[in-house]
Amino acid sequence: MSGIGTRAIVEINQAASQFESSIVLCIDNKFIDVKSILGLTFTLISNHEYLLEIHGPDQEEASRVMADIFGKHGLQVRVQ
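Residues numbered from 1 in each chain as written. Predicted model: local features only at pLDDT ≥ 70, side-chain atom pairs only at ≥ 80, totals over all residues. Heavy atoms only, no water.

Looking at this structure, I do not really get the sheet that holds strand 1 (residues 22–27). What am I missing?
In a beta sheet, neighbouring strands pair by backbone hydrogen bonds and run either parallel or antiparallel. Reading across from one edge, 2-1-3-4 is the order of the four strands in this open sheet, with mixed pairing throughout. On the outer flanks of this sheet lie strand 2 (30–33) and strand 4 (76–79), each paired with one strand and no other. This sheet shows a mean twist of 30 degrees between the axes of neighbouring strands, independent of strand direction. Docked against the sheet, helix 3 (residues 59–72) engages strand 1, strand 3 (49–55) and strand 4, running at close to 160 degrees with respect to strand 3. (Pairing = 2+ DSSP bridges. Helix = DSSP H or I, 4+ residues; strand = E, 2+ residues; numbered from the N terminus. Axes fitted to C-alpha atoms, helices over the stretch in contact; angles between N-to-C directions. Contact = heavy atoms within 4.5 Å.)

Right, here's the structure in full:
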């Protein structure tokens, strides 16, 4: 397993930050705010499936955008 690049982390963070909705990455009993670049830096690795929990007024659009951007960087994600 290897970490993903800084560019991918920044793109994921910037995409999440444009939404009002709460976007939380769930992995190994940890909950990481995707709007926290530091949290993403120490969490995201390739070859792992992630669960995103998205709640808020723009959650439908956020779900679509976040699934697309995770996929763009080769990261498997399920959105709830």
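Sorry if this is basic, but what is going on with helix 3 here?
The α-helix winds at 3.6 residues per turn, so residues separated by three or four positions along the chain end up facing the same way. With 14 residues, helix 3 should reach 20 Å at 1.5 Å per residue; the first-to-last C-alpha distance of 19 Å fits that figure. Buried within helix 3 we find Ala62, Ser63, Val65, Met66, Ile69 and Phe70. Among the structural elements, helix 1 (6–17), strand 1, strand 3 and strand 4 are those in contact with the buried residues of helix 3. One or two residues past the end of helix 3 sits Gly74, with phi positive at roughly 75 degrees. (Expected span 1.5 Å × (residues − 1). Buried < 20%, exposed > 50% of the residue type's maximum accessible area, 1.4 Å probe, protein only.)

Please explain the pairing of strand 3 as it appears in this structure.
A regular strand places its side chains so that they alternate between the two faces of the sheet. One ladder, built from five bridges, connects strand 1 with strand 3; its direction is antiparallel. Of the residues in strand 3, the one forming a bridge with Ile23 is Ile54. Here strand 3 runs beside strand 4; their pairing, made up of four bridges, is parallel. Bridged to Glu49 within strand 4 is Gln76. Handedness of the crossover joining strand 3 and strand 4 through helix 3: right-handed. (Right-handed = clockwise from strand over helix to strand, strands pointing away.)

Got a minute to help me understand the nonpolar core in this structure?
What tends to happen in soluble globular proteins is that the nonpolar side chains get buried as a cluster. Ranked by internal contacts, the top residues of the largest apolar core, which has 24 residues, are Ile12, Leu44, Met66 and Phe70. Of all the elements in the fold, those that place two or more residues in this core are helix 1, strand 1, strand 3 and helix 3. If near-sequence neighbours (up to four positions away) are discounted, Phe70 is found in contact with Ile12, Leu25, Leu44, Tyr50, Leu52, Leu75 and Val77. (Core = buried A, V, L, I, M, F, W, Y, C linked by side-chain atoms within 4.5 Å.)

Would you mind showing me how to read helix 1 here?
Taking 1.5 Å per residue, twelve residues should reach 16 Å; helix 1 reaches 16 Å between its end C-alpha atoms and fits that length. Listed as buried for helix 1 are Ala8, Ile9, Glu11, Ile12, Asn13, Ala15 and Ala16.

Before we go on, may I ask you to explain the side chain of Ser21 in this structure?
Looking at where Ser21 falls in the secondary structure, it is placed in the loop between helix 1 and strand 1. Here Gln59 takes part through its backbone nitrogen, which lies 3.2 Å from a polar atom of the side chain of Ser21. Non-local contacts of Ser21, meaning those with residues more than four positions away in its chain, are made with Lys35, Ile54, His55, Gly56, Pro57, Asp58 and Gln59. (Polar contact = N/O pair within 3.5 Å; in protein donor to acceptor, adjacent residues only side chain to side chain.)

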